[in-house]
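Analysis of the macromolecular model
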Amino acid sequence: MKEHKEIIEFRYDTQLLLDKYGADDDECDDLVDEIRDHIISTFQGDSLIVAGDTGEDDFGGEKATIKLIVVEDMQRQTDGLHG
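What you see is a predicted model, and the numbers here were worked out from it, not measured in a lab.

Observations regarding the overall build of the protein chain
Looking only at helices and strands, the protein chain has two helices and two strands in total. Reading the helices (α) and strands (β) of the protein chain from amino to carboxyl end gives β-α-β-α. Looking at the protein chain residue by residue over its 83 residues, the buried ones come to 14%. As displayed, the protein chain has an accessible area near 7000 Å², and 51% of this comes from carbon and sulfur atoms.

Some thoughts on the environment of Met-74
Within the secondary structure, Met-74 is located in helix H2 (residues 74-78). The spacing of Met-74 and Tyr-12 is 62 residues in sequence and 5.6 Å in space, taken between C-alpha atoms.

Considering the confidence of the model for the protein chain
Detailed reading of the predicted coordinates is not advisable wherever pLDDT falls low. Chain-level statistics for the protein chain give a pLDDT mean of 76 and a share of 73% at 70 or above. The lowest-confidence element of the protein chain is strand S1 (residues 12-19), averaging 80 in pLDDT; the highest-confidence one is H2, averaging 86.

Re the pattern of salt bridges
Tallying each qualifying case throughout the model produces two salt bridges. For Asp-73, the salt bridge identified is with Arg-11, shortest N-O distance 2.8 Å. Here Arg-11 lies in the segment before S1 and Asp-73 lies in strand S2 (residues 65-73), a separation of 62 residues in the sequence. On the basis of relative accessible area, Asp-73 is assigned to the buried category, the value being 15%.

Calculation criteria
- Residues numbered from 1 in each chain as written.
- Predicted model: local features only at pLDDT ≥ 70, side-chain atom pairs only at ≥ 80, totals over all residues.
- Heavy atoms only, no water.
- Helix = DSSP H or I, 4+ residues; strand = E, 2+ residues; numbered from the N terminus.
- Buried < 20%, exposed > 50% of the residue type's maximum accessible area, 1.4 Å probe, protein only.
- Areas by Shrake-Rupley, 256 points an atom, 1.4 Å probe, with all protein chains shown as cover.
- pLDDT = per-residue confidence, 0-100.
- Salt bridge = Lys/Arg side-chain N within 4 Å of Asp/Glu carboxyl O.

Structure follows, in structure tokens:
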């Protein structure tokens with residue numbers, strides 16, 4: 001008998017770590033709001049977390065520097081597969 005497979009509507013978990021060098025807390029908060037608004041108006045999903053950092057350990061950048069990108073296939077995890 002074939003096992004019923006759960007299908008995930010939003011398959012990919014995408015994570016970006018942005019670092020803003022030299023920003024004060026207010027500027028960092030404004031950038032977080034701008035990024036959150038863009039994501040909400042552009043993409044669909046069922047969960048969103050946007051957090052900010054003033055990036056004092058960063059190498060620089062005009063708006064923010066992407067420090068890390070992670071994309072995970074949640075369907076593979078649900079199916080018990082790895083990698």
